[in-house]
Every structure is written in structure tokens, then in C-alpha cells.
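# Tertiary structure, described
The residues making up each chain are set out below.
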Protein chains: 2
Amino acid sequence: MALDTAILDRLREIVGSEHVRVAPGELAAFARDATPLFHAVPDAVVHPADTAQVSRILALATAEKIPVVPRGAGSNLCAGAVALRGGIVLVLTRLNRILEVSADELLARVEPGVSTAALADAVDAVGLLYPPDPGSRTVATIGGNVATSAGGLRGLKYGVTRNYVLGLTAVLPTGEVIRTGGRLWKDVAGYDLTRLLTGSEGTLAVITEVTVALLPKPATTRTGLAYFPDLAAAGRAVSRVLHGGVVPATLEFLDRRCIDAVERYAHLGLRTDAGALLLFGDDGDESTVDAHLRHIAEACTAEGAVEVTTASDAAQAEALLTARRCSLPALSRLGALTILEDASVPRPRLAEMVERIDAIAEKHRVTVATFGHAGDGNLHPTCVLPDARDTDAIARAEAAFADIFAAAIELGGTITGEHGVGSAKLPHLAARLGGDQLALLRRIKAAFDPAGILNPGKLGS
Amino acid sequence: MALDTAILDRLREIVGSEHVRVAPGELAAFARDATPLFHAVPDAVVHPADTAQVSRILALATAEKIPVVPRGAGSNLCAGAVALRGGIVLVLTRLNRILEVSADELLARVEPGVSTAALADAVDAVGLLYPPDPGSRTVATIGGNVATSAGGLRGLKYGVTRNYVLGLTAVLPTGEVIRTGGRLWKDVAGYDLTRLLTGSEGTLAVITEVTVALLPKPATTRTGLAYFPDLAAAGRAVSRVLHGGVVPATLEFLDRRCIDAVERYAHLGLRTDAGALLLFGDDGDESTVDAHLRHIAEACTAEGAVEVTTASDAAQAEALLTARRCSLPALSRLGALTILEDASVPRPRLAEMVERIDAIAEKHRVTVATFGHAGDGNLHPTCVLPDARDTDAIARAEAAFADIFAAAIELGGTITGEHGVGSAKLPHLAARLGGDQLALLRRIKAAFDPAGILNPGKLGS
């Protein structure tokens, strides 16, 4: 359905003509997010400037029953920002001011269109740390991070986005503006709407301002790398590290296929004879970090690491981190279509889960390489297909991922650790939550969005 | 309304006759929680043994429109566990097993009737730490802690209960059993019901199992104490500590009246000529903790502390902590009725808030002493009345607290940092959240509890 002229005129009146886009080329640019295989052309792309404009747009959309899909940078990996039912894509990147960084209160107040990296840099400049660091940080926006409770490489020690959101300004689908939480670490006045909106994937309200907690910047960061004969040994090393009382900031792993792909892509001199690579790191006071790195290195050696390296300076640390950071681009080069997935299992079952993934991939005759966060059990099995138009191979990949999600649930895990549900995983949600909980999600959705206009076909549908 | 015999028989059939109490003396024992001035006799007190029994009781209560008030140890301080509308008090203390403590996964799984201290001790015994430590920890239950997202003395560094709840088993008012979250640090499958239920004060569901995250136990804990001429100087010292990159585990303050009361009560040798006392402490690796304690002591001295002491051993540390721990009993001895309140303001406004509290107390001719958490801006103004039956003085105390909550909101704070809303603060909630958000809370409540049976007259009413 195209939007009729009267509605387009009202949208133009709210945000200004130049901020309502309806030309086919402009609509096409917002027909996808970063998820392969999902595509839907919206009827209009609207770029509001502030909370008041968002409120007027949503009130109009509810009155006229027009779907609205909030969008930041569009880096979503589960089709959470695709306008499956048409309507308006509401792009929040004009709300891009850092409103406040307070070293005294250890917080920052930002608009949702600020990129994660811009926020991190701004607080770093005054000696502070915004800990969440999703892989998409240079592109993704804070609004999107909050909408998905984005995770990243420091989950076990520092937690995820949810742990840092203190307060939100949000517009309900019916147009009311609410302010949840605030500037306080302790505030229990009312249901925890701050956390309910965090991770609600743009289905309950549109976030227009975010207050995040910060930490003092650690004095030192150090990084190291260990090779193991297999992932089981790497998993045991992680357990040994934690049993020793150390919770490191970074504990990332690559399986054999990832090591191979990264080495062919970036020529870092990685050992391609190893079965698993563990990248580790910690931050804090210098003496503590030194002790922790020694402890981690010893734990790796004790569990059969074939080689352990600790970076002696920042440049060497950066080189080690490159191995993890370029996993996805390296894998993408192996084929024409790369499907990056996301599942979590309890940490001690990580190696078992990767074995299951390998067996599932073999069964469905697809190539799956796995990397991820060994500290918190969050894996990114990544399927690479040689031909993006091979519908048979795509179907086999989808069948493999269905089996992978079922295996994650069977091992006590979940279908998404940090990317979200979006459209891509909605079919798997019932298996994770059960019918009663799914029905409850729908009732909560209706409590926020009686007309069902906000990101329809996603969470709460 | 008394419950009719048929309903009592069905309750007896579910939990066994001995676990349904209706004798007046037994009902009277559950007519109050720890909140003064609130009192309501329930129609029955029911002690279920497990999730299945809770489910059957709630399904019955919804069918028959009987109010149900979940209760742990009854240490609630805002009348959250008082059965204002009669019905059933559902006591969860028989669900008191520690089901699992996993050093490998850094988590524990417990039933809601376990006391916070029992959980903390059990995990301490295997080298782990459960960080939240509300003042009521020896009495209060984990179920109650989760229901109120209980805070405590370590809020700034470690966060509150909400930060440690990984998963819940909960029974909806209509009887369905849901499992939210699980054993994972990263899990974004669905709305964050784990956090929505945390802090929902028994109005959305009855929690029957809790999985909490743990940390390795810090190697060292150290404690110190500083006296200041006034609270403003203590507040500046706290800011200086944080600006120096240190977030200590403990930063507690007592105002002049509290110091006085504690010294008269416990004869600890406190300096009663000081305007404020700051108790500080940190935990972690020995070298780091030593450096942090030195930094804190220097910051205190730089901001005009008249005396700074650092405990040289555990016994001395315990003696220092006693000053803070016995604030409430010491104040209680000053009169016949003690009303302990709870409000939060942004940390830099703490001293200003205490000045406002003093002025408000003077205006209403009541005595208010204030202690609390200087690190997170959470204050406990405590009103002591000489005569528990002096209705005029009680009315003046209530008027003073209304002014105190208004002042907290005006300074960017909240009406409750960690005790909850319950019945006692419900009249003040609209001022904090606004009418639109209050209406949204009611719609969320209805999404969980269509018959409105669960803890009626509290949050969501």
C-alpha cells in the first residue's frame, strides 16, 4: 500500500519536505538492513529531528494504522529494521548529539543517532570508559544498541548494553513521551521500563534520548593469544582461568576454519595447524593486569596450549586483535553469500556446541565456521555459500541454522545472544520461550502499541 | 471478606491442611511487614511447597477473584507485603533450597525463600561472591530481594540485585509457569521479562526460582573512615575519589545526628564533634586495594577531613563497619516510632539534599537523621517520634516525607532508591513518573494479571 498524499503532506508538515523521501531510489536504499535474504521496500522514509516530531509522527501512524519501523544505522543482523509490512521507515540519525558527558556523575546523555564509537571516543577523551563494544561499533548507533541490548567482546567482565542504560526518553506508539529511569544507579520507582525497552527491538516505543553509565578508564590494557589443539582444550583453559578468580575483559575464540580464513585473508602469520585460537586480554591497574595475564597464560599452557604469546606493546596487541576483528570479512571472502548467526550456550558447553555445529553443517552440506565470545558462551556460526542465487544451498543453510538453534536450546542456551530476534529468528522464538511466554509478550506489546503499528512482524507479533 | 469454606478446602487440598492458616492469631502474625503504620489482616495465610502448588493457588485465585500477596521474610519497608485488600498471604519460605552453586559457570540457582545471607555464605564457601548486600540481608529472602531489586552498600561498584539476576521461574497470576532468561550472560531472545519481573514487587508474577550471577571472591577487602566538618566536604571527597579513577565498593555516610545516636548507642569512640562521617572500603587484589585506600584517604584529607583512619586488620574493619550497620537500631532507640525512608539524588547533590531534609524536618517540627550510600546518592532519612500514638506528630512526619520526596524529584532524583514503592509510596509515584507512564504501568499490570488479584493496591494499581 502506498501512503496517500494527505498523509505524506502531514508528514512533510511535521518534519519538513526534504526529510520525507518517497522516490523509488531513496526507498530502495532503506529496503534492507545488514541481514542477507531480507528485503522490503517501505512507502516512505522519514527523518525526524527531535522527540516532538517523533511523537507527532507516531500519533499520526497510530491514528491511520501505518506501520513504522525505527532505524538507526541499519546494521541489524536479524532483519529487525526491515519494513516487512511497508509503511514508514523512521530514521533517527538526525538525532545525533552528545548532550552531556559528566565525569562527576559517571554518565553520558546522548541522542539515539550517535554511533557507539563516537560515544566511546567522546568519553575516552575525558578519561572515561563506555564498556559495551559490539563488533559494529563504528557504524551502529546507540539507539540501535539499546534497542537490541547489544553485546560485544567484553560481556563477561563488563556486561552488555542493558547494564549501562540508566534512563531513556521514549515515545509510545500512541504519541506520549515518557522518561524512564534517569541519572541514578538506584531507582526502583515503578516497573523497570528502562530495561524492558532495552532489547525490545523497536517494537514497544521509539527511543529518542539515552543516559548511559560510564566507568573510569582503566590504566592499562593487555592482550595475548594462545593456540590449542582443539576447542575443548581452549574451553578447559577458560574454565581454569575463571576458577583461578580472574574474569578477563576479553576471551575470544576462533575455530580451525576461521583461523584458516583469517590467515588467507590478512596474512598475520597465524598457526593454521592449530584447532582453536584463544584471544585474551584484561584491563585495570598495571600490577593486576600483569598478574592476570600471567595467570591466563599459565592456565592455557596447563590445558595443552601449543603456543602462548603476550603482546609486549600496543602495536603488537593491535595485531593480535586483528585476528578476531577480521574474522567476518575474512569469511565473507570465501563465498558470495555470508550468513552470520548468533547463539549462546552455557560456557562449559561451548566446545560441545561447536562440535554439534560442525556435525550439523556436514549433515546439511554447508560450510560453517565459528568464532565468538568464549567467556560468555556466545557463538557466531557463520555460513558461507559460493553462490548467492543458489536457492537450494540457501534452503540447506536455513535448515542447518534451525538445527543449530535447536541444539543451542537443548544445551541450555538461546537462539540469540546479542543480535536480536528481528524477523529472521521469530520462527524460532516459540521453541526458546514456550507458548505461554510468547502469548505474554504479545499482551505486553499490545499494552504499548494497541494499533500494532510499531515494527510489526517482529518481537511481540 | 472471609474466604468461604469451599475455597479453603481447595487450598488445603493443594498445599495440605497444615499449610493453610486461618486462626486469628496466625493471621495477625502476617498482618504487617517491617513498615510502621500499615496493618491489614489477611483471610488466609498459605505456605506452598513448590512451583506447581503456587500455580494451582494462583489459577484458583484468578478464577475466584481472591487477592494474593506474595511474601518472603516480611522485611519490606514500604508495606509491599501487607494484604491491604485481604485475601491470601502467600508465604514462600518453604521454597528454601539452594539448588546449585556452580563455580564453573559463576552462578547459583536458588528457591526464593533462601535468605540473602545464606546464599552469600554458600557461595563464599566455594570462593565466590554474591555482591548485592541489602541491610536486611540476614533476614530478607532472595525472592524478596528480586521482587524489590534490592540494593545495599555496594551499589556503585557492583550494582544492585537486578544486575545479578540471570533467570527466573515465575508463575503468572493466571497459573501459567514461565521461565525467563536462564544461565547466560547474553540472551536477547524476547522482551527482558527477567528484569521486568525484578523490582515488580510481587504485582506481576510469583517468583519460584532464581538464577543469579556470581563473581570470584576478591582476595582482599579493606575499610577506612573519615570525619568531615560537614556533608558538603564529604561529598566533595567522594567526587575527588571518583575523578581519580577509583570506584570503591563502599562509600557510606552518616550525618551529625546519626553519628551522635550511634555513639550514644554503641560507644564506639566516634567523634561527635564532626558534621559527617564517611565510611569507605574497597576489595580486589591486594596491591590495587592498598593503592585505592591510599587514594581515598588522600582525597578525604584534601577536602578537609578532620581525621582519616584505615583499619589495619579485619577486627578493626568490623568495628568501623559497626558504625554504619547500627545506624538504624541506634536511631530506633531515640524514640517509640522510627520511620526509615529511602530516596535517591544524583551523587553531586547529596549534601544539598541533606540540607533540604534538615530544613523540611525543622519546618514540620520532626527529628530526621540521615545516613546512606554516598557513592550512589541513595539516602535514608529516618524520622524518630517519641510517641507512637501521637497522631499529630505522625501526620507531621508524613507531611515531611512528602516534602522530602518532592525535593528528591526536584533535584533529579527519585522517591525510592532500593526499598520499593509498595503501598507506602504509591501516592508519590505519579509525581515521579507522570500520568502517561503510570497509565502504561497499569496496562502492563493488566497484561500479566487480568483479574487484578496479585498484590492489589501496589505497583500497577
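Please read these numbers as outputs of a predicted model, since none were measured by experiment. (Residues numbered from 1 in each chain as written. Chains lettered and ligands numbered in written order. Predicted model: local features only at pLDDT ≥ 70, side-chain atom pairs only at ≥ 80, totals over all residues. Heavy atoms only, no water.)

### Describing the UniProt feature "domain: FAD-binding PCMH-type" (unreviewed entry) in chain A
What counts is decided by this rule: UniProt positions are given in the numbering used here, feature names are shortened, and annotations may be inferred rather than shown by experiment. Under the scheme used here, helices are H or I runs from DSSP no shorter than 4 residues and strands are E runs no shorter than 2 residues, and both carry numbers assigned from the N terminus.
Sites flagged by UniProt as "domain: FAD-binding PCMH-type" (unreviewed entry) map to residues 38-217 of chain A. Strand forms 24% of residues 38-217 of chain A and helix 22%; the C-alpha atoms that close the span are 40 Å apart.

### Considerations on a nonpolar patch on the surface
Residues and elements named next belong to chain B. Heads up, the condition is: Excluding any residue in a salt bridge, patches collect residues exceeding 30% relative accessible area, merging like charges within 9 Å and nonpolar Val, Leu, Ile, Met, Phe, Trp and Tyr side chains within 5 Å. Note on areas: Shrake-Rupley, 1.4 Å probe, and residue coverage restricted to the protein chains presented here. Every case where a carboxyl oxygen of Asp or Glu lies within 4 Å of a side-chain nitrogen of Lys or Arg is listed as a salt bridge. Throughout, exposure labels follow a simple rule: accessible area from a 1.4 Å probe, protein chains only, divided by the maximum for the residue type, with under 20% read as buried, over 50% as exposed, and the rest as partly exposed.
There is a patch of nonpolar side chains on the surface, built from Ile-98, Val-101 and Val-126 and spanning about 200 Å² of accessible area. Mapped onto the elements of the fold, Val-101 is located in strand 5 (residues 98-102). For Val-101, a relative accessible area of 30% corresponds to the partly exposed category.

### Examining the domain arrangement of chain A
Residue and element names in this part refer to chain A. Using the following cut-off: Boundaries between domains were set according to an automatic or database domain assignment. Note on contacts: a residue pair is in contact if any heavy atoms of the two residues lie within 4.5 Å. The term buried area denotes the loss of accessible surface (1.4 Å probe radius) that occurs when two parts are joined, taken as the sum for both partners. In protein, a polar contact requires one atom able to donate a hydrogen and another able to accept it; more generally it is a pair of N or O atoms within 3.5 Å, and residues adjacent in sequence count only if both atoms are side-chain atoms. Each residue receives one of three labels: charged for Asp, Glu, Lys and Arg, nonpolar for Ala, Val, Leu, Ile, Met, Phe, Trp, Tyr, Cys and Pro, and polar for the others, Gly being one of them.
Each assigned domain of chain A is listed with its residue range as follows: domain 1 (1-217 + 426-461), domain 2 (220-324) and domain 3 (335-420). The partner domain 2 presents nine residues to the five residues of domain 1 that form the contact. Together domain 1 and domain 2 conceal approximately 620 Å² of surface at their shared face, both sides included; 57% is due to carbon and sulfur atoms. Looking at the side of domain 1 facing domain 2, the largest losses of area belong to Leu-153, Leu-156 and Lys-157, adding up to 82% of the total buried there. Along the contact surface separating domain 1 from domain 2 lie two salt bridges. Between Asp-283 and Lys-157 there is a salt bridge, and its shortest N-O distance comes to 2.8 Å. Taken together, the links from domain 1 to domain 2 amount to three residue pairs in polar contact (both at pLDDT 80 or more). By residue class, the composition of the side of domain 1 that touches domain 2 is three nonpolar, no polar and two charged.

### So, the interface of chain A and chain B
For an interface, size is often stated in terms of accessible area lost upon the parts coming together. The partner chain B presents 83 residues to the 83 residues of chain A that form the contact. Note on chain A versus chain B: buried area summed over both sides is about 6,400 Å², and carbon and sulfur give 58% of it. Taken as a group, Lys-186, Val-188 and Tyr-191 of chain A account for 16% of the area that chain A buries against chain B, more than any other trio of residues on that side. There are eight salt bridges connecting chain A and chain B. Between Glu-418 of chain A and Lys-186 of chain B there is a salt bridge, with the nearest N and O atoms lying 3.0 Å from each other.

### Re the relation of the copies chain A and chain B
As a reminder, the rule being used: To superpose the copies, least squares is applied to the C-alpha atoms of every residue with a pLDDT of at least 70 in both.
For the pair chain A and chain B, the best superposition has an RMSD of 0.0 Å and corresponds to a rotation of 180° with a translation of 0.0 Å parallel to the axis. Overall, the copies show the geometry of a two-fold rotation axis. In this assembly, 100% of the residues forming the interface of chain A have copies in chain B that are likewise at the interface, indicating an isologous arrangement.

### Describing the sheet that holds strand 8 (residues 165-171) of chain B
Residues and elements named next belong to chain B. Put simply, the test is: Two strands pair under a simple rule: DSSP has to find at least two bridges between them. Helix axes are fitted to C-alpha atoms over the stretch in contact, other axes to C-alpha atoms as well, and angles between N-to-C directions run from 0 to 180 degrees.
Read across the sheet, five strands follow the order 5-6-10-8-9 without closing on themselves; strand pairing throughout is antiparallel. Pairing within the sheet leaves two strands with one partner each, and these edge strands are strand 5 and strand 9 (177-181). Taking each pair of neighbouring strands and ignoring which way they run, the sheet shows an average axis angle of 10°. In the packing of helix 3 (residues 51-64) onto the sheet, contacts are made with strand 8, strand 9 and strand 10 (206-213), and the angle to strand 8 comes to roughly 50°.

### Notes on the sheet that holds strand 2 (residues 44-46) of chain A
Backbone-to-backbone hydrogen bonds join strands into a sheet, with any given pair of strands oriented parallel or antiparallel. Residues and elements named next belong to chain A. Pairing in this open sheet of four strands is mixed, and the strands run 1-2-4-3 from one edge to the other. Taken across any chain shown, the strands that pair with only one partner, and hence form the sheet edges, are strand 1 (20-21) and strand 3 (68-71). Alignment of strand 3 against strand 4 (residues 88-91), held across four bridges, turns out to be parallel. Each bridged residue has a counterpart across the sheet, and for Arg-71 the counterpart in strand 4 is Val-91.

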